[in-house]
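Commentary on secondary and tertiary structure
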Amino acid sequence: MTRDETFEVQIDDLSRGGAGVGRLPDGRVAFVPFTVSGDRVKIKLLSEKKQYVQGQLLEILKPSGHRTEAKCSVFGRCGGCEWQHIPYALQWETKVKGVLHVLGRFKLSKPPVVEEVPAERIWDYRNRIQLRGQGEDLGFFQKASRELVAIERCEIARPELNQALPEIRKQAKSNPNAYKVELEVNSKGKVQKSWNQGHGALGFRQIHDEQNENLRNWIVGNLPPREECLDLYGGGGNFSVPLAAKMGQVLCVDLSSPRIRPKGMPANISFHRQSVLNWILKSKEKSLENILRAAVLDPPREGLAKDADEIFSALEAMKVQDLILVGCEVDPWARDALKLLEKGYHLKKIGIFDLFPQTHHVEVAGVFVRA
Ligand SMILES: C[S@@+](CC[C@H](N)C(=O)[O-])C[C@H]1O[C@@H](n2cnc3c(N)ncnc32)[C@H](O)[C@@H]1O
């Protein structure tokens, strides 16, 4: 097959990775972004493997009845939200099915309780965005490219961020160089800007405030009160703060944690700006006294990865009885969850949260108890 050849494909499924799924005439599975079950489309191939191909949508020959009008004028070109053409109910159904599918693939039995927390605010929710620009052209990169797609407004960004765009364009007008600017709206509605800094210069923050609140409440509600609670990969204390009302002590550990407790934070939270692995190996030695502990782990996208065995063994030695594992990428989360089961923990319940409407991304959290 040549790269110029085109194919007609019937899309009959939606993958949890975001693309519609059909078959080429030779039987190989074709993944086609920006399509949905029921579409008949014309595609060309972007890449080929023995079992499947990645296709590029050229034309919708017959639109699916599932389609809805995308809100954004650069939908399909911008590298951001790829599910605007899919009604929210179907987005959510696909996310939940995807999580349950991954559980099965990792041979994790479905826990007795699966709680679903879809979003109510499905537009105007992002509290931070990272924009690229050149002069007054301000926008996002195309997917897997450094091609700038200029925008007027971003439909998933909070209104305060969209209101800040004219000022950014004005400031950048006379700048001949390409630039990057990160915008974040704080809890008082004030917009902070960070120019040409590394990714996440303003620190980590969950991007959907209402859904973050739901996640925080769920975490606190699903842990019993304990003398000590470890908030591992705890960032600036997002989960530590509500946990402090229920736990004796909260120990928040993160590479980017504050060096000292910020003013106004509960006095029973201590911050440890360290790698979780180093901290836990040291703490394990000195904290073997017989107290009851709980833990929350919210690692980055790739999960605990190579540190998982050592961290979980340390938690076991520290007699952490109740534990919640959070993940924004289901496969690494499931890989880590499986290791927890091998250490003698039971998976009691999972929560599935939508922190990223209009995209295929989903957040999952599991409640584990030691047998
Ligand atoms: C998904 S964020 C979670 C932050 C926090 N729980 C929250 O809700 O705001 C992951 C965090 O892991 C931290 N991190 C990444 N690798 C780490 C490591 N090896 N040790 C400690 N923290 C790490 C990052 O700084 C980031 O704050």
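On a predicted model such as this, the values are computed, not experimentally measured, just so you know. (Residues numbered from 1 in each chain as written. Predicted model: local features only at pLDDT ≥ 70, side-chain atom pairs only at ≥ 80, totals over all residues. Heavy atoms only, no water.)

Our next topic: the overall build of the protein. On a plain count of helices and strands, the protein comes out with 7 helices and 19 strands. Its C-alpha atoms give the protein a radius of gyration of 23 Å, within 12% of the compact-globule value 21 Å for 371 residues. Each of the three principal axes of the protein carries a C-alpha extent, and together these read 70 × 55 × 35 Å. Taking the intrachain contacts of the protein between residues at least 6 apart in sequence as the baseline, contacts between residues at least 24 apart amount to 59%. Accessible surface computed for the protein: about 17,900 Å², of which carbon and sulfur atoms make up 50%. (Helix = DSSP H or I, 4+ residues; strand = E, 2+ residues; numbered from the N terminus. Rg over C-alpha atoms; globule rule 2.2 N^0.38 Å. Contact = heavy atoms within 4.5 Å. Areas by Shrake-Rupley, 256 points an atom, 1.4 Å probe, with all protein chains shown as cover.)

Looking at soluble globular proteins, one finds that nonpolar side chains tend to be buried together. Counting 93 residues, the largest nonpolar core has I219, L232, L243, L297, L315 and W333 as its most contacted members. For this core, the leading source of residues is helix α1 (residues 88–105), giving 6 residues. If we skip the residues at most four places from it in the chain, L243 touches I219, V220, L223, C229, V250 and V296. In this structure, I11, L24, V41 and L45 belong to the second largest nonpolar core, which totals 10 residues. (Core = buried A, V, L, I, M, F, W, Y, C linked by side-chain atoms within 4.5 Å. Buried < 20%, exposed > 50% of the residue type's maximum accessible area, 1.4 Å probe, protein only.)

All right, on to the sheet that holds strand β6 (residues 52–62) then. Taken in spatial order, the 6 strands line up as β1-β5-β6-β4-β3-β2 in an open sheet, and their pairing is mixed. Every interior strand has two partners, whereas the edge strands, β1 (6–10) and β2 (13–14), have only one. Judged from the 8 bridges that link them, strand β5 (residues 40–48) and β6 form a sheet pairing that is antiparallel. Each bridged residue has a counterpart across the sheet, and for R40 the counterpart in β6 is K62. (Pairing = 2+ DSSP bridges.)

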